[in-house]
Amino acid sequence: MKDKKFKPCDLVIYGALGDLTRRKLLISLYRLENAGLLEPDTRIVGVDRHPGDSAFYIDVAHKSLQQFLNERLDEEVWKRFSSRLNYLQIDLTRMEQYQRLHEVIDQQQRVMVNYFAVAPFLFKNICQGLDQSGILTSKSRMVMEKPIGHNLKSSIEINDEVAKVFGENQVYRIDHYLGKETVLNLLALRFANSIFTTNWNHNTIDHIQITVGEDIGIEGRWEYFDKTGQLRDMLQNHLLQILTFIAMEPPANLEAESIHNEKIKVLKALRPITAKNVDEKTVRGQYSAGYVNRKPVPGYLEEEGANTDSTTETFVALRADIDNWRWADVPFYLRTGKRMHSKRTEIVVYFKRVPHNIFKDSYLRLPPNKLVIHLQPNEGVEIEMLNKVPGIDENLKIQKTKLDLSFSETFKKSRIFGGYEKLVLEAMRGNPTLFLSREEIEQAWTWIDSIQNAWAKSPEKPKPYQAGTWGPIASDLLLDRDGRAWEG
Ligand SMILES: NC(=O)C1=CN([C@@H]2O[C@H](COP(=O)(O)OP(=O)(O)OC[C@H]3O[C@@H](n4cnc5c(N)ncnc54)[C@H](OP(=O)(O)O)[C@@H]3O)[C@@H](O)[C@H]2O)C=CC1
Ligand SMILES: O=C1O[C@H](COP(=O)(O)O)[C@@H](O)[C@H](O)[C@H]1O
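Reading the values: rules and limits
Residues numbered from 1 in each chain as written. Chains lettered and ligands numbered in written order. Predicted model: local features only at pLDDT ≥ 70, side-chain atom pairs only at ≥ 80, totals over all residues. UniProt positions renumbered as here; feature names shortened; annotations may be inferred. Near = placed C-beta within 6 Å. Nonpolar A, V, L, I, M, F, W, Y, C, P; charged D, E, K, R; others polar. Axes fitted to C-alpha atoms, helices over the stretch in contact; angles between N-to-C directions. Helix = DSSP H or I, 4+ residues; strand = E, 2+ residues; numbered from the N terminus. Parallel < 35°, antiparallel > 145°, perpendicular 65-115°, else oblique. Left-handed = near helix turned anticlockwise from the far one by under 90°. Contact = placed C-beta atoms within 7 Å. Pairing = 2+ DSSP bridges. Core = buried A, V, L, I, M, F, W, Y, C linked by C-beta atoms within 7 Å. Buried ≥ 20, exposed ≤ 12 C-beta atoms within 10 Å, placed from the backbone. Domains from an automatic or database assignment.

- An unreviewed UniProt entry lists the protein under the name Glucose-6-phosphate 1-dehydrogenase, with Methylomicrobium album BG8 given as the organism.
- Turning to the protein, the UniProt annotation filed under Pathway (unreviewed entry) states: "Carbohydrate degradation; pentose phosphate pathway; D-ribulose 5-phosphate from D-glucose 6-phosphate (oxidative stage): step 1/3."
- In its Function (unreviewed entry) section, the UniProt entry covering the protein states "Catalyzes the oxidation of glucose 6-phosphate to 6-phosphogluconolactone."

Structure, rendered in C-alpha cells:
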C-alpha cells in the first residue's frame, strides 16, 4: 500500500548494536537526514539485548558514523539526527519484555516500521513478542533482511511465522542491491531504449557475465558466515536479483506485482544443477592468506574465531542456463567472492561476433561488442565498439573504442544514493515496489538448494585461492571450457 503523503513513522530496529545496523543502517539514515528526506516527526528506536539508554545509543551511533561514514559529519545534521534516536533493552526471546515498546511507540500518530536486523532464527520470537504486546496495528510494517532462512524449507517456515502476524502487504523483504542506482538503471536501460529491445536475446547475445567481487573478508562475522557461505550470503539473493533484472520479459508497468511476476518466471526457468554436472558447472573456493590493496590479510581459516576444519566457500563461480525462448543457449556466468583483488560489481553483456570479417588488416576475427554495466564503484555504462581509425590509408583500419557514460560525470548535480538509503526510505514511505515477494525468495531457494544438495554429494571441496586474486584457477577453466574468458 503506497502512502500518498509520506507520514512520519517510528522506525524500530531490532539488532540495533549489530554489524548491519552500525555499518549500513545508521549511515543510511544519517544520509537521508542530510538530504532532508526524513519527516521531522520520524523517530528511530534501537532495540538490542545489551543494557543502555538513549544517551548510550546516541554515542553508539556517533561512533558508527565516525567509523563508517565516508564524508565529514555535519554537526547541524547530527544534532537533528541524534534527537530522533531512542534505545530499548529487550531480550528478543523474552516475550514479556516487548511491553517496553509501549514506552516509546505512538500508535496514534505514527506508522510503526519494524526492521528485523537480526539473524533469522529470532524472527519468530520477534513476531510473537510484537503480537502478544498488542503494539501492532494494521498500518504496521516489517522489513526482513536476507538471507531468509538457509534453504527452501526454513524460508517457508520463517515466512509462515511472519504471515501469522503480518499481512503480505505489510512485509518488506529487502535486498539492498535492488536499491542501487545501477541495478535500477537496468530497467531504464532495457525498457526505455529501443536499441536494446530487439537485440536482447539469443539472436544477438553470446553470453552474460555477472561479477560481484568484494575486497573485504568476513569482517568478524565468522559465526554467521561459516554457517552460510558465499552461495547463500550473496548469490541466492544479490546475484540472482541482478540476473532476473537482466533476463526478465518486459513487465506491463512498474507496479510491484508486475515486476515480481516477470522475475519469478526467470527463476522458474533456471535449469537445475544436479549431482551429475555440479563439478562441471560450479566452482567453490576458499581464500588463503595473501595481499589485498597491498596489505597482508589472513586466510579464511585464520580469521578470528575460525574453525580450522571449515569447508565453507568464500567464492563461487557458476554457469546458469535459463531454459526459455529468449535465452536458449546463452549462458550466464556468475561469480562472487570475498577477499578478491578489488571491490568490483559489474555486468558484461557479450554480443555475438559479426559472421564474417572484411577488415582483415586489423583483426583475424573481429572482437565482439560489449555492454559493460559498472554497478560499483564508479557507477556507469560503457559500450565497446569497433571504429575506423581516422586517416587516409588505403586500407580501412579498425580499432576498439568505448562509449563511456559515467554517472558521476553525466549527472553531476544528482546525488547517487546507496541501496539501503533508497530502500529504508521506501519502507518508511510504504512503497513495496523494490522489495521481494515470498514466491521470488522461495523460487530462488529451490534453485540454490539444487546446488547445495549436489555439493553435499560431491567429493570436491572448495579450492584454495590466494586473497587478492580473482579466485581459483578452476574459475577460469569454467569459462575456458566453453571457449570464453572472464572480463578483466
Ligand atoms: N552485516 C551485514 O553487512 C549484513 C547483514 N545482513 C543480515 O542482517 C541480519 C543481522 O546481521 P548482522 O548485523 O551482521 O548480525 P549481528 O550479529 O552483528 O547483529 C545482531 C544483533 O542482534 C543482537 N541480538 C542477538 N540476539 C538477541 C536477542 N535475543 N535479543 C536482542 N538482541 C539480540 C546481537 O547481540 P549480540 O552481539 O550480543 O549477539 C547483535 O547486536 C542477518 O540476518 C544478516 O543476514 C544482511 C545484509 C548485510
Ligand atoms: O548482503 C551482503 O552484502 C555485503 C556486500 O554489500 P555491498 O553493497 O557492499 O556490495 C556483503 O559484504 C555481506 O557479506 C552480505 O551479507
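Moving on, there is more to tell.
## Some points on the site of ligand 1
Piece 1. Contacts to ligand 1 come from 21 residues, most closely from Gly 15, Gly 18, Leu 20, Arg 49 and Leu 92.
Piece 2. When grouped by side-chain class, the residues that make up the shell around ligand 1 number 10 nonpolar, 3 polar and 8 charged.

## Remarks on the packing of helix 8 (residues 222-247) against helix 13 (residues 438-457)
Each pair of packed helices can be described by the angle between their axes along with the distance between the axes.
Piece 1. Where helix 8 meets helix 13, the closest approach of the two axes is 11 Å, and the angle between their N-to-C directions is 140°. For the element pair helix 8 / helix 13, the angle class is oblique. Handedness of the crossing formed by helix 8 with helix 13: right-handed. Here helix 8 contributes Leu 231, Arg 232, Gln 236 and Leu 240 to the contact with helix 13, which in turn contributes Ala 444, Trp 445, Ile 448, Ile 451 and Gln 452.
Piece 2. Its residues assigned to classes, the contact of helix 8 with helix 13 comprises 6 nonpolar, 2 polar and 1 charged.

## Section: the pairing of strand 15 (residues 380-388)
Piece 1. Here strand 14 (residues 370-376) pairs with strand 15 via 5 bridges, running antiparallel. The residue of strand 15 that forms the bridge with Lys 370 is Glu 384.
Piece 2. In this antiparallel pair of consecutive strands, strand 14 and strand 15, the connection spans 3 residues, and Asn 378 shows a positive phi of 55°.
Piece 3. Pairing analysis gives 9 bridges linking strand 15 to strand 16 (residues 398-406), with the strands arranged antiparallel. Bridge assignment links Glu 382 to a residue of strand 16, and that residue is Asp 404.

## Regarding the nonpolar core
Piece 1. Counting 117 residues, the largest nonpolar core has Ile 13, Tyr 14, Val 113, Phe 116, Met 144, Leu 243 and Leu 334 as its most contacted members.
Piece 2. When residues of this core are assigned to their parent elements, the largest contribution, 10 residues, is made by helix 8.
Piece 3. Inspection of this core shows a minimum of three residues originating in each of domain 1 (9-145) and domain 2 (178-480).
Piece 4. Among all residues touching Ile 13, those that are not within four sequence positions of it are Thr 21, Leu 25, Ile 44, Gly 46, Val 47, Tyr 115 and Ala 117.

## Section: the environment of Glu 33
Piece 1. Turning to its location among the elements, Glu 33 is positioned in helix 1 (residues 19-34).
Piece 2. Glu 33 gets classed as buried once you count the C-beta atoms within 10 Å, which come to 20.
Piece 3. C-alpha of Glu 33 to C-alpha of Trp 78: the two residues are 45 residues apart in sequence and 8.5 Å apart in space.
Piece 4. Those residues in contact with Glu 33 that sit more than four places away from it in its chain are Leu 38, Val 77, Arg 80 and Phe 81.

## Re the UniProt feature "active site" (unreviewed entry) in the protein
Piece 1. Feature annotation in UniProt assigns "active site" (unreviewed entry) to the following positions: His 238.
Piece 2. Considering the arrangement of structural elements, one finds His 238 in helix 8.
Piece 3. Here His 238 falls in the buried class, since 23 other C-beta atoms lie within 10 Å of it.

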